[in-house]
Structures are given as structure tokens and as C-alpha cells.
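Listed below, chain by chain, are the residues.
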Amino acid sequence: MAATLMLACSNDKSGGHDGDEGVETEVNGTQLDGNTTLYGLVTDTSGNPVPGVVVSDGYGCVTTDANGVYQMERYKKARFVHYSTPAGYAINTSADNYPLFYAEIVHKNIADRHDFVLTPLPAPESDFTLVCIADPQCATTAEISRYVNETIPDVEATVDAYKAKGTPVYGITLGDIVFDTPDLWSNMKESMANRNLPVFQTIGNHDHLQTETSDDNAAANFETQFGPRNYSFNRGDVHIVSMDNVLYEGKKKYKGGITDRQLEWLRQDLSHVDKDKLVIFCAHIPFRGGTSVTDESHENYDGVLDLLSGFSEAHIMIGHTHYHQKYIHKRNGKTILEHVHGAACGAWWTANICADGTPNGYSVYEISGNTIANQYYKSTNKEADYQIRAYSATQVFGKSGSLTFGWAANAPAMNDAKCIVANVWNSDASGNWKVSLWQNGTKVCDMTRVKTYDYWAYAYHVLYYSKSVGTTWGQEPRPLLLREPGVGNARGRRFRNRGGGRHGQYLPHLEAPDRLHRLLTLPLPKSDAAPQKRARHFSCRFAGAVAGMSLPGRRFLLPPCGNPVAAPIRRRSVPGGQYQPSVCVRL
């Protein structure tokens with residue numbers, strides 16, 4: 001005997017529509033099961049049913065049948081029903097250009113019907129660009145103003161450049177949209193509305209309401225603004241997943257990880273993805289901390305990596321740290337690259353850099369087919385080729401108590417005027433990067449990786465902004481040490497107050513690059529005792545390939561070497577997939 005279901009309408013934010021209240025036993029020729037409590041019809045804009053669409057209540061996944069019908073027994077705590085946009089269809093958006101792929105379940109005790117309408121694309125977007133924005137983390141309207149007037153215009157300019165070439169662009173935040181300030185949610189949503197790209201959202205620890213002890217209740221404000229916390233969508237040959245990996249216990253107490261139920265949702269979601277696809281997994285708290293239960297760890301770490309390792313290529317996109325890092329995971333014979341992103345707010349909107357010296361900014365991923373073909377960190381209000389800051393190791397930027405802000409003062413082996421330190425924000429510690437110094441077109445030597453501070457950034461925050469000495473303001477980046485025997489004495493640059501406002505002060509004195517000759521001038525300080533010498537010309541070259549990701553002749557994803565202001569990019573493909581951009585620097 002056919003099942004009889006009571007249907008209820010709800011507030012639909014899906015780009016589709018709900019049915020009328022009544023009794024249904026079938027939809028579009030499909031009989032409804034007696035246990036069904038959530039169902040609907042997915043069609044295209046011509047009214048044709050769309051089969052094979054993955055639909056979820058955030059806890060389990062089903063697909064639409066040949067009639068375009070989905071049905072499931074929803075989980076009791078489910079708040080939304082949402083679909084994973086297929087590659088052949090456009091991302092539905094609201095009037096203010098926010099992604100709309102979900103509907104809210106209002107009536108919990110009777111069967112809900114939610115229909116969705118998809119807009120076909122002329123062809124799947126095999127090439128597109130993904131912009132990842134970590135930690136806007138605005139605590140005041142003044143900080144929102146900086147985000148709106150600094151970060152957002154820069155992102156839109158980047159997007160315009162890609163769109164001018166016919167490349168579609170999508171954005172996603174990586175958590176900490178606000179800073180424990182629930183009264184600013186509507187302001188932050190407005191800040192990213194009506195932009196030239198749709199921006200998906202990921203929840204962070206500071207997006208949870210700290211007065212709540214229930215993880216679900218703590219995330220309610222985020223969900224009201226942006227919808228589901230665990231969802232996915234497809235573009236071209238890429239499957240993109242966003243998940244809540246903050247296990248929140250209230251009063252700012254939390255740990256990293258996903259629950260067993262979330263892991264099962266991910267398994268079901270990925271079961272509908274072909275193994276030859278690229279999978280991009282977005283969350284907030286880093287995986288690279290291991291499996292210990294701390295806020296820098298990840299519960300169910302092993303399970304997520306096992307699932308990701310089953311695909312042709314997989315990347316993890318992360319925020320949280322306010323410094324920039326690449327981490328290499330090896331899993332089941334596969335390499336999974338974790339991108340820990342520098343923050344849009346830098347060091348909590350203190351100035352315009354993160355605690356490790358990485359500038360405020362975001363990352364840009366150029367995707368072609370099922371691979372990330374190129375990637376770079378885009379510093380806010382800088383050219384795309386601004387990728388490095390270099391110093392003489394003998395430079396001293398001041399003192400705080402017993403701490404001297406300088407390399408030679410803390411490492412006697414670096415007390416040599418021929419020693420240069422470079423902070424390259426987008427490098428990784430895998431050994432696949434190679435950085436070398438070239439003088440007048442001739443290679444001098446390779447640089448050696450050392451673990452140390454960017455003492456200029458450290459001093460900048462402690463001495464100028466009165467921050468405390470310690471791990472928060474003294475993050476250890478991935479700088480590179482060079483002992484270069486042919487340079488001669490390299491006088492250190494110094495802090496200069498350039499005036500003109502808080503965010504332009506206390507920076508090294510640097511001139512703009514000469515774009516024609518692809519040079520950057522780093523003038524030595526004038527001194528009556530030491531007349532200026534003729535500048536020497538150097539270039540810094542990078543070469544590298546992450547295991548399991550490079551193929552012969554492929555342009556690789558590594559960014560250019562650069563310098564404190566900018567370093568023009570020269571791209572070329574080389575055998576083995578090594579990406580060797582080169583720049584010229586004048587010291």
C-alpha cells in the first residue's frame with residue numbers, strides 16, 4: 001500500500017521552491033517510502049529532472065533518482081537540507097550574490113518537501129580560480145572597515161583580472177569571520193555581499209557563541225547567516241568540501257577535530273566522487289598538529305586523511321594560526337599538501353603583517369582539470385609577485401629586556417656580514433623547495449633552511465605596538481639562511497618611520513621596483529664614514545616539486561621568489577614539472 005506523508009512548507013534558501021501543504025504518496029513518478037521524512041524534486045530551469053544530484057541533511061547523503069527525486073529519513077538534529085552543486089550546473093546565488101544551495105527544515109515532526117532548481121552551464125568549468133580567505137576575524141566596526149576597504153577591494157581586483165581572461169572565480173573563507181562578536185554577524189555578511197564573486201563560508205572557533213556549551217547551539221548564529229557547516233560543491237573536475245572541525249565546549253574552550261558522525265557524512269559525500277578527481281578539503285584548525293587532544297590537533301585526523309588519499313590529488317585548506325605554512329602529509333602512498341593560510345587580518349588587525357612576517361592577505365589557486373596548476377599568496381595592496389622579505393643577518397632591530405631582535409645576536413654562527421636571511425611566506429619544509437642566490441647571472445650558492453624568527457616582524461609588534469614577548473608575537477616562520485662568500489660586506493637596512501599614518505610606519509626603507517628591468521632597489525643606508533658603493537645585482541631562484549604532484553612539462557604550483565616589496569614573475573615549464581620563476585634583486 002502506498003505511503004501517506006504529511007507535507008510542510010519551510011523557509012527555502014535554495015534557489016528552488018517548496019510544495020503546498022497536503023498529502024503525497026509519490027513525486028514525479030517516484031513512490032515515497034513510508035520512512036521518508038525529507039524529500040523533494042531537483043529539476044533544471046527547463047523543468048527537466050536532474051538525476052544523480054547528491055542531497056544531504058548534514059548527516060547522511062542520498063542521490064536523486066532518474067525522476068530527479070530524492071528522499072531520506074532525516075536525522076533528528078538536522079537543521080538544513082542541501083545539495084552538492086554538480087559540475088555541469090551554476091552555483092545558485094541570492095540577490096546579494098551569496099551561494100544558495102540549501103533550505104532550512106522548520107517542521108521537525110512531519111515530512112518536509114524541498115525542491116531545488118539548477119541552472120545548466122554551457123560546459124563544466126574545467127579551469128577556474130579559487131580564492132581562500134582565512135581569518136578576517138573582525139572584533140569592531142573599525143576592523144570591518146579595514147576588511148571592507150583593504151581586503152575586499154584587493155580580492156575584487158584579483159577577481160576582475162581573472163574574469164577579464166574568461167576564468168570563473170569562487171571564494172571561500174576558512175573560519176574566524178568574527179572575533180567572538182555575535183553582534184557583528186550581519187555587518188560581516190554584508191561586507192562580502194554583492195561582490196564580483198560568490199563567497200562560501202567555513203566556521204572557525206571564534207565564530208562559535210562562547211556563552212553556549214553545546215557545539216550545535218554555539219554555531220547557530222553562523223548557520224543563520226550562512227547555512228550548513230558541513231557541505232560540498234563541484235566545479236569542473238574538482239570536489240570542494242567545507243567542514244566544521246571545531247569541537248566547541250563553550251567559554252572559548254575547544255579542540256580540533258570532527259566527530260565520528262561527521263566523518264561518516266564525509267565518507268558518504270566522497271563516495272559519490274570519482275577517484276580521478278581533485279578534492280579540496282576546507283576547515284579551520286590545522287591537521288598538522290597530529291592526534292593529541294589540543295586546539296592544534298585534529299580528532300579523526302587519520303580517518304579524514306585516509307579518505308582524501310583515495311583521490312588523484314587532495315589538498316587541505318586551513319586558517320586559524322595567523323601565519324603561513326605548508327605541511328606535507330604522506331598517506332597510503334599519496335602526498336596531501338596542507339595549506340595553512342596567513343590571515344586576512346594579519347596579527348589581529350594590529351598593522352599589515354601576520355606574527356611571522358607574512359603580510360595580511362589571502363591565497364589564490366589556479367585550477368586546471370584535476371590539479372592545482374599554480375598557486376600564490378596575494379598580499380593585500382601589494383602586487384601578486386610580492387613573495388619574500390630579505391635581510392642582512394647582522395641587522396638588529398632593537399631590544400626588549402634580555403631579547404635582542406636580530407639573528408647574529410642570537411646565533412653567533414650568523415654573525416657575518418655575508419649572511420642573508422629571507423622569509424619566504426609560501427615555501428614549505430618538505431625539501432622539495434630549493435632557493436639559491438645568483439649574482440650577475442651566475443649562481444653563487446644555495447640557501448639553507450633554518451628555524452628562526454623574522455626578527456623584524458617580531459620587533460615591529462613588540463617595540464612599536466607594545467605587544468608582549470612570547471609565542472603569539474614571535475611566531476617561527478620558514479626563513480632561509482644564506483652565507484654568501486662573494487657578496488662582501490652587506491650593510492643592514494634599518495627601521496624608518498615613513499609617517500603618513502599608523503599602517504605605513506616603522507617599515508624598512510624600500511623603493512618601488514623598476515618594472516622594466518624587473519629589479520628592486522634596496523638602498524644601503526647613507527653614512528658619512530662609509531660612502532655608498534656601486535650596487536650589485538642578484539637574482540633569487542626557486543625550484544621545487546611536491547612528490548606525487550608534478551608531471552613532465554607541467555607548470556608547477558610554486559610561487560615566485562621575491563623581496564620586501566615585489567618581485568616580478570617569469571614563469572616557464574621545465575622537465576620534471578619544476579616551476580622555476582626567477583627574479584632579480586639589487587642589494
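What you see is a predicted model, and the numbers here were worked out from it, not measured in a lab.

## As for the pairing of strand E25 (residues 361-368)
Counting buried positions along E25 gives seven out of eight residues, so the element sits mostly inside the fold. As defined by bridge partners, strand E14 (residues 127-133) adjoins E25 across six bridges and the pair is classed as antiparallel. Considered in E25, the bridge of Asp 127 is made with Ser 368. Sheet topology note: the E25/strand E26 (residues 371-379) ladder contains eight bridges and is antiparallel. Among the inter-strand pairings, Ser 368 is bridged to a residue of E26, identified as Thr 371.

## Points about the nonpolar core
If you look at the biggest cluster of nonpolar residues, it comprises 39 residues, and the most contacted ones within it are Val 81, Leu 130, Ile 240, Ile 280, Met 317 and Ile 367. Apart from the residues within four sequence positions on either side, Leu 130 is in contact with Tyr 170, Ile 172, Ile 240, Ile 280, Ser 363, Val 364, Tyr 365 and Ile 367. Counting 32 residues, the second-largest nonpolar core is a separate cluster that includes Ile 177, Leu 184, Leu 197 and Ala 343.

## Some details on the sheet that holds strand E22 (residues 313-318)
By definition, the strands of a sheet pair up through backbone hydrogen bonds, in either a parallel or an antiparallel sense. Spatial ordering of the open sheet is given by E17-E18-E21-E22-E24-E23, a layout of six strands whose pairing is mixed. Sheet topology places strand E17 (231-235) and strand E23 (325-331) at the edges, where each strand pairs with a single neighbour. Averaged over all pairs of adjacent strands, the angle between their axes in this sheet comes to 20 degrees, without regard to strand direction. Bridging between E22 and strand E24 (residues 334-340) involves four bridges; their strand directions are parallel. Directly across from Ile 316, in E24, lies its bridge partner Glu 338. On the sheet, helix H6 (residues 301-308) packs against strand E21 (278-282), E22, E23 and E24 and is oriented at approximately 80 degrees with respect to E23.

## Remarks on the side chain of Gln 325
Relative to the assigned elements, Gln 325 resides in strand E23. Among the residues examined, Gln 325 registers a relative accessible area of 15% and is labelled buried. Among the polar contacts made by the side chain of Gln 325, one reaches the side chain of Arg 288 at a distance of 3.0 Å.

Rules and cut-offs
Residues numbered from 1 in each chain as written. Predicted model: local features only at pLDDT ≥ 70, side-chain atom pairs only at ≥ 80, totals over all residues. Heavy atoms only, no water. Buried < 20%, exposed > 50% of the residue type's maximum accessible area, 1.4 Å probe, protein only. Helix = DSSP H or I, 4+ residues; strand = E, 2+ residues; numbered from the N terminus. Pairing = 2+ DSSP bridges. Core = buried A, V, L, I, M, F, W, Y, C linked by side-chain atoms within 4.5 Å. Contact = heavy atoms within 4.5 Å. Axes fitted to C-alpha atoms, helices over the stretch in contact; angles between N-to-C directions. Polar contact = N/O pair within 3.5 Å; in protein donor to acceptor, adjacent residues only side chain to side chain.

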